[in-house]
Amino acid sequence: MISKNYHTTHLFRPTDLMAELINRQYSLLQIVSRFGMSLGVGEKSVSEVCREHNVDCSTFLAVINYVGNGCRQDFIPEPETISLPSLLKYLRESHTYFLEYSLPSIRRKLIGTVNYSSSNEFPLLILKYYDSFFEEVRAHLDYENKTVFPHVDALLTHHPSSFTIDAFDTEHDETADGKLNELKNIIIRYYSAPSVSNYALNDVLSDIFICNEELNAHGLVEENLFLPAVKLLEERASEENESIPCCEEGISDASLLSPREKEIVIGVVKGLTNKEIADKLYISLNTVLTHRRNIARKLEIHSPAGLTIYAIVNGLVKIEELE
Ligand SMILES: [Fe+2]
Ligand SMILES: [Fe+2]
């Protein structure tokens with residue numbers, strides 16, 4: 001369950017000021033940090049800060065708007081709009097945040113509530129319970145760090161990988177979250193320790209609430225943004241492995257362009273470089289060049305200006321989409 005803090009329907013845009021985004025919804029600040037962005041954003045817009053930190057702006061906003069609107073179904077973006085290198089950077093940093101900052105910080109605060117001179121063993125039992133939860137989370141995140149994310153790295157760099165994301169899809173459950181929920185409720189209902197400051201107890205409890213929400217949101221980003229984008233990448237990689245058909249000399253029928261060739265034409269007429277097209281479609285530069293040679297031969301059009309006319313006439317782009 002995501003807190004009321006997230007329940008404001010609002011869509012942030014690339015032109016919004018980053019400072020306004022943080023001011024409007026401070027709970028999003030951790031997401032900003034996990035994308036590698038630091039404070040001191042001045043009067044810069046979201047897109048400027050993204051560019052500065054080499055983060056794909058549409059991926060950043062996809063996560064911000066999805067989590068910021070309570071991870072609602074209608075805020076799940078199209079997988080094509082997700083840049084996996086940027087999302088991976090975010091997910092890896094989120095794991096570091098949970099394992100090295102958020103969870104140890106809660107543990108330190110829980111230890112602070114233990115009064116060793118008292119015979120009451122309840123706080124120690126709570127600590128033990130927390131430790132077993134921590135280990136479950138660590139095992140979950142380690143599996144993703146060591147198995148799932150390297151698989152995506154391999155796909156992005158066109159290396160073979162024996163893993164498939166379906167294995168992750170079926171195994172990805174968030175049982176550890178249930179444990180944190182339980183711990184929260186045990187503390188609320190049964191933790192009464194007169195020797196411990198209520199403020200200290202409230203402090204650790206509110207950290208547990210926040211951590212629970214962040215872990216839930218993290219799991220949902222993986223299931224609804226990361227997973228579909230990786231599935232798409234796997235499909236494209238298997239397409240890549242099929243040989244790229246080379247057309248015969250003399251064929252000039254434009255309808256022979258494959259969907260992938262049409263995507264490349266669109267990239268060219270929108271002014272993208274071959275490298276940018278390769279990155280956008282998750283294919284190698286060489287593959288783009290091969291497609292471009294095939295396109296030129298099929299259409300008998302060799303210049304970007306010629307391709308622009310072809311793309312407009314054949315409805316691949318609208319004139320107003322071109323700068
Ligand atoms: Fe994760
Ligand atoms: Fe996960």
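Not measured: the values here are computed from a predicted model. (Residues numbered from 1 in each chain as written. Chains lettered and ligands numbered in written order. Predicted model: local features only at pLDDT ≥ 70, side-chain atom pairs only at ≥ 80, totals over all residues. Heavy atoms only, no water.)

**Comments concerning unusual backbone geometry**
At Asn 54, a residue that is not glycine, the phi angle is positive and equals roughly 55 degrees. The backbone phi angle of Tyr 282 is positive, close to 55 degrees, even though this residue is not glycine. Mapped onto the fold, Tyr 282 is located in the loop between α11 (274–281) and α12 (285–299). Judged by its relative accessible area of 11%, Tyr 282 is buried. (Helix = DSSP H or I, 4+ residues; strand = E, 2+ residues; numbered from the N terminus. Buried < 20%, exposed > 50% of the residue type's maximum accessible area, 1.4 Å probe, protein only.)

**Re the coordination of the iron ion (ligand 1)**
Looking at the metal site, the iron ion (ligand 1) is ligated by His 95 (NE2), Glu 144 (OE), His 218 (NE2) and Glu 222 (OE), spaced 1.9 to 2.2 Å from it. Taken together, the 4 donor atoms surrounding the iron ion (ligand 1) define angles of 88 to 177 degrees at the centre, an arrangement classified as irregular. Going along the chain, you hit the donors of the iron ion (ligand 1) in the pattern H-x48-E-x73-H-x3-E. In this structure, the iron ion (ligand 1) lies 3.3 Å away from the iron ion (ligand 2), the two metals sharing Glu 144 as a donor. Of the two residues, His 95 sits in helix α5 (residues 84–112) while Glu 222 sits in helix α9 (residues 198–241), which places them 127 residues apart along the sequence. (Donors = N, O, S within 2.8 Å, 3.2 Å for Na, K, Ca; no water. Tetrahedral: all angles 85-135°; square planar, octahedral: opposite > 155°, others 65-115°.)

**Description of the confidence of the model for the protein chain**
For the protein chain, per-residue confidence averages 84 on the pLDDT scale, and 88% of positions sit at 70 or higher. Of all secondary-structure elements in the protein chain, the lowest mean pLDDT belongs to helix α7 (residues 165–171), at 77, while α5 reaches the highest, 95. Long-range and interchain partners of residues 247–252, a stretch whose pLDDT sits below 50, account for 10 contacts in this model, where long-range means more than four residues apart. (pLDDT = per-residue confidence, 0-100. Contact = heavy atoms within 4.5 Å.)

**Overview of the state of the cysteines**
Applying the stated criterion across every chain, the model contains 0 disulfides. Its sulfur unpaired, Cys 50 is 4.0 Å from the next cysteine sulfur, which belongs to Cys 57. When its relative accessible area of 0% is taken as the criterion, Cys 50 is described as buried. (Disulfide = S-S within 2.5 Å.)

**Here's the deal with the nonpolar core**
Residues Met 18, Leu 21, Phe 60 and Phe 226 are the most contacted members of the largest nonpolar core, which totals 47 residues. Of all the secondary structure elements, the ones that give two or more residues to this core are α1 (18–24), α2 (29–34), α3 (46–52), α4 (57–68), α5, α6 (122–156), α7 and α9. Among residues more than four places away in sequence, those in contact with Phe 226 are Leu 84, Leu 87, Leu 88, Leu 91, Val 148, Phe 149, Val 152, Ile 165, Phe 168 and Val 221. Formed by 23 residues, the second largest nonpolar core is a distinct cluster that contains Leu 103, Leu 180, Val 204 and Cys 211. (Core = buried A, V, L, I, M, F, W, Y, C linked by side-chain atoms within 4.5 Å.)

**Thoughts on the pattern of salt bridges**
If you walk through the whole model with that rule in mind, you get 14 salt bridges. Asp 153 is the salt-bridge partner of Arg 92, the closest N and O atoms lying 2.7 Å from each other. You can see Arg 92 sitting in helix α5 and its partner Asp 153 sitting in helix α6, a full 61 residues away along the chain. Given the relative accessible area of 31%, Arg 92 is considered partly exposed. With a relative accessible area of 30%, Asp 153 lands in the partly exposed category. (Salt bridge = Lys/Arg side-chain N within 4 Å of Asp/Glu carboxyl O.)

**Regarding a nonpolar patch on the surface**
On the surface, Ile 188, Phe 209 and Ile 210 cluster together into a nonpolar patch covering about 260 Å² of accessible area. With respect to the helices, strands and loops of the structure, Ile 188 is situated in helix α8 (residues 175–190). (Patch = residues over 30% accessible without salt bridge, like charges linked within 9 Å, V, L, I, M, F, W, Y side chains within 5 Å. Areas by Shrake-Rupley, 256 points an atom, 1.4 Å probe, with all protein chains shown as cover.)

**Re the side chain of Arg 260**
With respect to the element layout, Arg 260 can be found in helix α10 (residues 259–269). Note on Arg 260: relative accessible area 6%, which makes it buried. At a separation of 2.9 Å, a polar atom in the side chain of Arg 260 contacts the side chain of Glu 263. (Polar contact = N/O pair within 3.5 Å; in protein donor to acceptor, adjacent residues only side chain to side chain.)

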